[in-house]
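Read off the chains here:
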Amino acid sequence: MSSTDVLKVSILGKESIHCGFHLIPYIARTVLNTLPSSTYVLVTDTNVANFHLASFESEFKAAILSSTTDPKPRFLSYVIPPGETSKSREGKADIEDFLLLNRCTRDTVLLALGGGVIGDLAGFVAATFMRGIRFCQVPTTLLAMVDSSVGGKTAIDTPHGKNLIGAFWQPEYIFIDAAFLETLPVREFSNGMAEVVKTAAIWSAADFALLESRASEIFSAIQSPSPCPTGRSLSTRTSSQTLLLSIIYGSISVKAHIVTIDERETGLRNLVNFGHSIGHAIEAVLTPSILHGECVSVGMILEAEVARSLGVFGQVGVGRLTRCLKAYNLPVSLEDPRIKCVPAAKLLGVEKLLDIMRIDKKNSGTAKKIVILASIGATYEQKATVVADSVIAKVLSEAAKVTSGIPSKNPVHMATPGSKSISNRALVLAALGTGTCRLKNLLHSDDTQVMMNALLELKGASFAWEDGGETLVVEGGKGSLSAPHKGKEIYLGNAGTAARFLTTVCTLVQCAESSSTVITGNARMKQRPIGPLVDALRSNGSHIEYLDSQGCLPLSIAPQGLKGGRIQLAASVSSQYVSSILLCAPYASETVTLELTGGQVISQPYIDMTIAMMRTFGINVARQIDSATGKPLDVYRIPKGTYTNPAEYNIESDASSATYPLAIAAITGTSCTIANIGSTSLQGDARFAKEVLEPMGCDVIQTETETTVRGPPVGQLKSIGLIDMEPMTDAFLTASVLAAVAVGAPLQGRKLKDAECHNVTRILGISNQRVKECNRIKAMIDELAKFGVETKELPDGLEIYGKPIKDLRQGASVHCYDDHRVAMAFSVLGTVISDTIIEEKRCVEKTWPNWWDDLENKIGLKVEGVELTNEGPLASASGAGTQDTTASVVLIGMRGSGKSFIGKLAASALNWSFIDADHYFEEKLQIGVREFVRQHGWSAFRVAESEILEELLVANPTKHVISLGGGIVETASARDLLKKWTKKGYVVHIAREIDEVVKYLGEETARPAYGEPIIDVFRRREPWFLECCNFEFVNYTGDSNGAVDQYVPESKTRTKNEVTRFFQHITGQKPNLAPNLAPEIRSYFLSLTYPDITPALPHIEELTVGVDAVELRVDLLRSPKDLASFGPYIPPASYVTNQLAALRHVTTLPIVYTVRTVSQGGAFPDHAEQEAFDLLNVALRMGVEYIDVEISWPEKRIRDLSSRKGASQVVASWHDWSGKMKWNGAQVKEKYNVANRLGDIIKIIGKAESLADNFALFEFVSRASSTHQAKPIIAINMGGEGQMTRILNTTFTPVSHPLLPTKSAPGQLSFVEIQTALNLLGQLPTRRFFLFGNAISQSPSPTLHNTAFEALGLPYVYDLLQIPEVGEEIRATIVSPTFGGASVTIPFKIDVLPLLDKLSPAAEAIGAVNTIIPQVTDASGSQRILYGDNTDWLGIRECIRSRMPSHASVTAALVIGAGGTARAALYALHALGAQHIYIFNRTRSKAQELANAFPDICVSLVDELGKWPNAGPSPNVIVSTLPPAATTTDSNDTHNAIYLPATLFDPDHEGVVLDAAYKPAETPLLTLATKVGKSWTRAQGVDLLLEQGYNQFELWTGRKCPRGIVAKRVREFYAA
Ligand SMILES: NC(=O)c1ccc[n+]([C@@H]2O[C@H](COP(=O)([O-])OP(=O)(O)OC[C@H]3O[C@@H](n4cnc5c(N)ncnc54)[C@H](O)[C@@H]3O)[C@@H](O)[C@H]2O)c1
């Protein structure tokens, strides 16, 4: 055997930590030789056992065999399920039972082989078994290696919390075998890296520097398995192995040192909790979806920000920590998509986190303690520091409030962060130069970090940090560069400047370990252009190859030096190409003459900046002059040479950033000096002080390198008048907020000739600001308006009308559009306007991450954290992806697909506004679309159309439904906009059968014709529609033979229902999830097991009786043309879409969408992973509510799907058909853990071989459900033996129906069968329901409810209780334990009120009750209250709503009568949004009484029917509540009855008339309607009775009433 080299670390005075590679033989030897025992027991989990148990067993057994000890010791192993749930009392008992059963004694040695779970659990067993036995830690995760195995902390979890029971118990050895990491999932590796980074951050700057610069090498050490015994001995160890071991060793050494000093965690040991105070609070909410290390990673950044906010730790450090954690693929903010997509992330409010942090063992009393960093590698104190809640809250809050006042640090002296452009140039110059250069004020950003890493990899320079990272010392490499070794690519992320500069730098490489240098970047970088630069270099002789797509990275650049001479470059795209060649040109073989071609050179100031900086580094570039005109040409001559590094180079502060502190001085009448920006500045925005602030009345002193501004007394700023800000466009936002409070007369010469007042500032030359992070001009206009400041938009700027400070509105909440400049500009205004809130405070991170801290610590203005109240609608438990629930919906699709129709319906369902882009186009351009195309042609139209799209999205980002023209997807830029919109909002493709579209378009001519066959246009656009949308709505018009429409007469209502459901669901406004999915309630779904479900649709109501959802078994679908085929089958997506749409058309029940594989009991091929996910994506796109995903698919894919699920939920499922999975075994726990991680609902299906298997299932479910935040679980045993689990399962029990062709699983029962069984088992007690009233013998209510009870198999009976008055009889009935509920008729609707405990808001408002519901108020079910509701109004509302035409709303409504039903009618009409409500009653005073009872509803009394008060509109809804006999249409009969004139019904309306009278069916009102109101729809009393009855039924049973079945019987009863 090769020798084993281990590194040893001492802990608590003993060298017990041994680190190396491939240590199994070493471990066996060491343990057997030094820890003699009769029994060695190895405890591990199934995951680790799969990889490593066999080697341990064979190694130990062989060593034992060859040993001379007598008797020979035993080696036993015990494998448990992986995951945190094993770390429990039961888990501990299982191991103890194993030890006891195997007669283990006190000399037993335990070996804990696994991650922290195994280490903690086995360690705790060791601590208490026989009062303590010896044990060894063999950690196999990085987290366990560097953290949990070191220090002797052992513990288990309880439902009350993690690690609550445990002991300190030190292991004999800790064997760190880094080769185990090769089998560890990468996410788990990163999880451990969080602890490694943490330890370096608190303890060792050198270790940290190693971690931040060598992430990719560290990853490469574990990426592929090292053949054993590579690395065991020093001679075989690779360099990346050595590096990995050294970082693990370093980390462990620190922890061991700290533990040795403070074993019991009394002070110093608290330091290892850096990141954990906030991290644990986050973890408490996000576990198990987000791992410990991931939460700690975010916690570290937030705690570092706390340190920064206290003024103890600098932004440089925060930036380094952030980048380092990112390099290990760890999340660094709560905004990380991996976190945002976790449903529980919604709960991460400031209060919640602070509340959890309250229980932290580090705290002293109520004061919270956090480990505060002082610099990278050192903490502020040798223990955790007390931090005020307000400071933590400030860091955690999403919004900030600047306290208005005078800066306490006046006169302020500060620098702003370094300029990005100058930082990048300085890095290249100093690296190529000769000598040492100290770069000061370098910008710390991802871009500069990438640039430094690349220069290091090219061995072009060396870097070192001084002053805690404030100064970068560059040792120049004089232009000598070498290509990295073969296979090593230089990765530039998305750093554009670095990519451009480095492309030419790489041509300078001359010596090379490999034949070329490869530079690459992330996906976005791989799309950004580099072509013109590569063309120029290639024509100059450089060999550069595109490795992927033409014109973009990655590039392979041959190491042959730069030739030089004359180089031609097209410079109209980017000035960075020019700078790239300029910077490298001195190192070419021949003197370079650079000639810029292609017309207009873009961004000349940046070229000038490069040339000026080259001059500072000793190279003078000469720009050629046209001898004829004396004008400069775009030709530059760059002499050959080497840069001479200045000893120190001060990077200019970012001049745009400097405008904010300077503006604060101006507005608060104080003084501010900004270092590093002066008259010689290279940046345009440096002119702001002289050209904006000075004319506004400030004193400005600008030296070459410094700018000082002193503002006039508060309130005395002069308006600017006219200013062209073209040279400093980014500074216009700062100028605008100052102009808002500038009322003094502008300077002479700046005055606006056309302005009447002094207070006008007109800013021009800034039209480019419309296409920055947001439309900044519009943003300033909208946000200034919140302060009451008026403005006017101009074609290339805006006008601002200043107001005295005291007249500006206080307490404005500024939306920042995720734009750093908007946030910083408005914080300037916040210094003089009280209570200004800046929402999205983190958007400043782009250029000035510590702006809020600098405002407080350097300028002296207090900043508070503000938590914005989330006014969003209730979201589902599953959350709504990363989309904002109020983000606007954009509709795309073929012309004629129904975008406008559906868009209007959607807008009304969401209560949002509707915009038709065509109309908008016409209004804006004052020309019709058709005419525009005729005059300007299609391509001009397309350009205009995409501009309008952009404008619409910027102007209406929320609460709009925007319908676009069909051809919008023809333009690439519009497609990009749409794709971008899917990231934050909703792009819905409205799909309609193409034949239908053709039919429809045949009749329509308003818009331009295609000029080509529609079908061709459709084929071209279809892929684009799919590419640009995140949802698809099928405008279903029935299948081709019209089968659906035949039995769906109310097809329009169905479309309306479906539009409402779809849009409310996808936006999360009202997710269509099953309400019965709550704990303690039973829920069911019906499995549709047809190859083609359309024949079942006419029976859907009967089939779905009682259930909460319908399962579409996608794997069982078979397109008619494939019906004859056998075996596993993949249904085509188009077929599935059609089936889904057909199902949607007939039911609004949520759908469970299942693609069951063969091995899990379905028909879908087991290995068709891609196809399965394609189909699952169809479900997401179509807004399916529940998506069943088998956990046997790769976790990454499931997570990806989940991240896009929006308001829908994932059912993570596992089916065991073999019967091998036992509910008390290891496998089920393992599957449960995986499903718990991945799903919103867990589904585990086993197979019962005996009754006992069912009890084991119940035991498992009850244990799993008792844990913290348990998710709903579907747990069922298949087979006849398992049938009882189908009866007793509570969540989403799959049911069959006798009418279905096959059951989807053996043993499946119907809903009705289950109710019967539940009744027999005492789980669904028999109940009695009543109708309270007198003269009720003819009531149809018993027929209604008893029919429904029977259809659902509920053991309930509904009877009449005829009584003369509300008295003893009713009282005795309602207290009976079997009382299930009652209906109440006139005249008792008011008399019963005193008997009830609580009323619904509707019953309260109407003042009457027609439904009594007993409600249980305690867990045991013994306490009940009586609740009164009123479903009459619901019935009236539904009668009207379902009959209103789709496009219409209730404009005006008339109620005839003023009794109890009229009250319900009034309430219903108000709920329907009626704008005018009229009441007519013969006795006017009673009508007035009714009107008075609803003071919040605007009601007008009508004196004569047909004459509408105040010349109001005629009603389009009429509800009569009078007895029919009291009305007449005979104008001669007016003495006995109310005369109904023909003018009641406006023939222009498509109205609805409801007569609430139950009998006769034909009332005078309805007869009149038939006669004169041709387009009016009628509703009879029986319709109302049914509707209110359905609602009553639902209130009593929690289940939908089977409407069709009930209606049929009731109508038969009525007719009889
Ligand atoms: N005692 C302490 O001081 C301390 C400190 C930190 C964390 N902890 C505890 O540690 C636990 C978390 O530990 P963890 O992150 O190691 O989790 P873990 O033990 O659950 O392991 C993570 C996953 O990786 C698998 N795995 C482990 N090693 C593997 C390998 N080499 N190859 C393939 N798969 C492998 C495991 O089966 C498991 O699925 C928590 O319970 C936490 O409370 C304790």
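Cut-offs and rules
- Residues numbered from 1 in each chain as written.
- Predicted model: local features only at pLDDT ≥ 70, side-chain atom pairs only at ≥ 80, totals over all residues.
- Heavy atoms only, no water.
- UniProt positions renumbered as here; feature names shortened; annotations may be inferred.
- Axes fitted to C-alpha atoms, helices over the stretch in contact; angles between N-to-C directions.
- Helix = DSSP H or I, 4+ residues; strand = E, 2+ residues; numbered from the N terminus.
- Parallel < 35°, antiparallel > 145°, perpendicular 65-115°, else oblique.
- Left-handed = near helix turned anticlockwise from the far one by under 90°.
- Contact = heavy atoms within 4.5 Å.
- Pairing = 2+ DSSP bridges.
- Near = heavy atom within 4 Å.
- Polar contact = N/O pair within 3.5 Å; in protein donor to acceptor, adjacent residues only side chain to side chain.
- Areas by Shrake-Rupley, 256 points an atom, 1.4 Å probe, with all protein chains shown as cover.
- Patch = residues over 30% accessible without salt bridge, like charges linked within 9 Å, V, L, I, M, F, W, Y side chains within 5 Å.
- Salt bridge = Lys/Arg side-chain N within 4 Å of Asp/Glu carboxyl O.
- Lys, Arg positive; Asp, Glu negative; His and termini not counted.
- Charge placed at Lys NZ, Arg CZ, Asp CG, Glu CD.
- Buried < 20%, exposed > 50% of the residue type's maximum accessible area, 1.4 Å probe, protein only.
- pLDDT = per-residue confidence, 0-100.
- Nonpolar A, V, L, I, M, F, W, Y, C, P; charged D, E, K, R; others polar.
- Right-handed = clockwise from strand over helix to strand, strands pointing away.
- Phe/Tyr/Trp six-rings, centres within 6.5 Å; stacked < 30°, edge-to-face > 60°.
- Lys NZ or Arg CZ within 6 Å of the ring centre and 35° of its normal.

- As annotated in an unreviewed UniProt entry, the protein is Pentafunctional AROM polypeptide from Piloderma croceum.
- In its Subunit (unreviewed entry) section, the UniProt entry covering the protein states "Homodimer."
- Of the comments in the UniProt record for the protein, the one headed Subcellular location (unreviewed entry) reads "Cytoplasm".

Describing the packing of helix α7 (residues 205–213) against helix α12 (residues 315–327)
- Taken N-terminus to C-terminus, the directions of α7 and α12 make an angle of 50°; their axes are 9 Å apart at the nearest point. Considered as vectors, α7 and α12 are oriented oblique to each other. The two elements α7 and α12 meet at a crossing, and its hand is left-handed. For the pair formed by α7 and α12, the contact residues are F208, A209, L211 and E212 on the first element and R320, L321 and C324 on the second.

Points about the sheet that holds strand β61 (residues 1499–1501)
- Taken in spatial order, the 6 strands line up as β61-β60-β59-β62-β65-β66 in an open sheet, and their pairing is parallel. Lying at the two open borders of the sheet, with one neighbouring strand each, are β61 and β66 (1577–1579). Recorded for the sheet is a direction-independent mean angle of 20° between the axes of neighbouring strands.

So, unusual backbone geometry
- With an omega dihedral of 5°, the bond running from C228 to P229 counts as a cis peptide bond.
- Put simply, K1559 and P1560 share a cis peptide bond, and its omega is -5°.
- Residue position: P1560 is located in the loop between β65 (1552–1555) and α51 (1564–1572).
- In this structure, M130 is a non-glycine residue whose phi angle is positive, near 50°.
- Note that M130 resides in the loop between α4 (116–128) and β6 (134–139).
- Backbone geometry at N163 places phi at a positive 55°, although glycine is not the residue there.

Focus: the site of the ligand
- Around the ligand, 25 residues are found, and the nearest of them are D45, E84, G116, T140 and T141.
- At 2.7 Å, a backbone N or O of G116 approaches an oxygen atom of the ligand.
- Interatomic distance of 3.0 Å between a side-chain N/O atom of D120 and a nitrogen atom of the ligand.
- In the complex, 88% of the free accessible area of the ligand, which totals 870 Å², lies under the protein chains.

Remarks on a negative patch on the surface
- Judged by side-chain charge, E90, D94, D97 and E1259 come together as a negatively charged surface patch.
- Per-element accounting of the negative patch gives the leading share, 3 residues, to helix α3 (residues 89–101).
- As for its placement among the helices and strands, D97 is situated in helix α3.
- Taking the relative accessible area as the measure of exposure, D97 reaches 43% and is therefore partly exposed.

Brief notes about the sheet that holds strand β44 (residues 1031–1034)
- Judged by pairing direction, the sheet is parallel, and its 5 strands sit side by side in the order β41-β42-β40-β43-β44 without closing on themselves. Only two strands of the sheet have a single neighbouring strand rather than two, namely β41 (913–916) and β44. Each strand axis lies, on average, 25° off the axis of its neighbour in the sheet, ignoring direction.
- The pairing of strand β43 (residues 986–991) with β44 spans 4 bridges and is classified as parallel. Note that in β44 the partner of V988 across the bridge is F1031.
- Against the sheet, helix α29 (residues 917–925) contacts β41 and β42 (960–963), and its axis sits at roughly 65° relative to β41.

Side note on the pairing of strand β22 (residues 517–520)
- Along β22, one buried face is formed by T517 and I519 and the opposite face, lined by V518 and T520, is buried too.
- Bridging between strand β20 (residues 489–491) and β22 involves 3 bridges; their strand directions are parallel. Note that in β22 the partner of E489 across the bridge is V518.

A look at the confidence of the model for the protein
- Here the protein averages 90 in pLDDT, while 96% of its residues score no lower than 70.
- Note that residues 870–881 has pLDDT below 50 and, in this model, 34 contacts with residues that lie over four places away or in other chains.
- A low-confidence stretch, residues 1039–1049 stays under pLDDT 50, and its non-local contacts, those more than four residues away or across chains, total 15 contacts.

Side note on the packing of helix α14 (residues 350–357) against helix α15 (residues 389–396)
- Where α14 meets α15, the closest approach of the two axes is 10 Å, and the angle between their N-to-C directions is 135°. The pairing of α14 with α15 is recorded here as oblique in orientation. For the pair α14 and α15, the crossing hand works out as right-handed. Contacts from V350, L353, L354 and M357 in α14 reach D389, I392, A393 and L396 in α15.
- Residue composition of the contact of α14 with α15, by class: 7 nonpolar, no polar and 1 charged.

Quick notes on the pairing of strand β34 (residues 760–764)
- Buried residues dominate β34, accounting for 4 of its 5 residues.
- Alignment of strand β33 (residues 721–724) against β34, held across 4 bridges, turns out to be parallel. Bridge pairing links G721 to T761 in β34.
- Following the backbone out of β33, through helix α24 (residues 732–740) and into the adjacent parallel β34, one traces a crossover that is right-handed.
- Pairing geometry for β34 and strand β36 (residues 797–801), over 4 bridges, is antiparallel. Within β36, the position partnered with R762 by the bridge is E799.

Structural notes on the packing of aromatic side chains
- Tallying each qualifying case throughout the model produces 44 aromatic pairs.
- With 5.5 Å between their ring centres and 70° between their planes, F1085 and F1292 make a pair best called edge-to-face. Of this pair, F1085 sits in strand β45 (residues 1084–1088) while F1292 sits in the loop between α43 (1283–1288) and β52 (1293–1295), and the two are 207 residues apart along the sequence.
- Judged by relative accessible area, F1292 falls into the buried class, the value being 1%.
- Geometrically, the ring pair formed by Y1478 and W1508 is stacked, given 5.4 Å between the ring centres and 15° between the ring planes. Here the residue Y1478 occupies a position in strand β60 (residues 1476–1480), and W1508 occupies one in the loop between β61 and β62 (1517–1520), the gap between them amounting to 30 residues.
- Overall, the relative accessible area of 1% leaves Y1478 in the buried class.
- Assessed through its relative accessible area of 14%, W1508 is described here as buried.
- Here the aromatic residues F1329, F1349, Y1356, Y1358, F1593 and W1596 are joined through ring pairs into a cluster of three or more.
- In this structure, K1559 is placed above the aromatic ring of Y1614, and the distance from its NZ or CZ to the ring centre is 4.9 Å.

Quick notes on the pattern of salt bridges
- Under the definition given, this model contains 72 salt bridges.
- Its salt-bridge partner being E172, residue K14 comes within 3.6 Å of it at the nearest N-O pair. Note that K14 is positioned in strand β2 (residues 14–20) and E172 in the loop between β8 (161–168) and β9 (173–177), a separation of 158 residues in sequence.
- Here K394 ties to E856 by a salt bridge, and the two come within 2.8 Å at their closest N and O atoms. In this pair, K394 sits in helix α15 while E856 sits in helix α27 (residues 851–859), placing the two residues 462 residues apart along the sequence.
- Using a relative accessible area of 19% as the deciding quantity, one classes E856 as buried.
- Residues joined by salt bridges that share partners form a network here, namely E84, K87, D120, D157 and K162.

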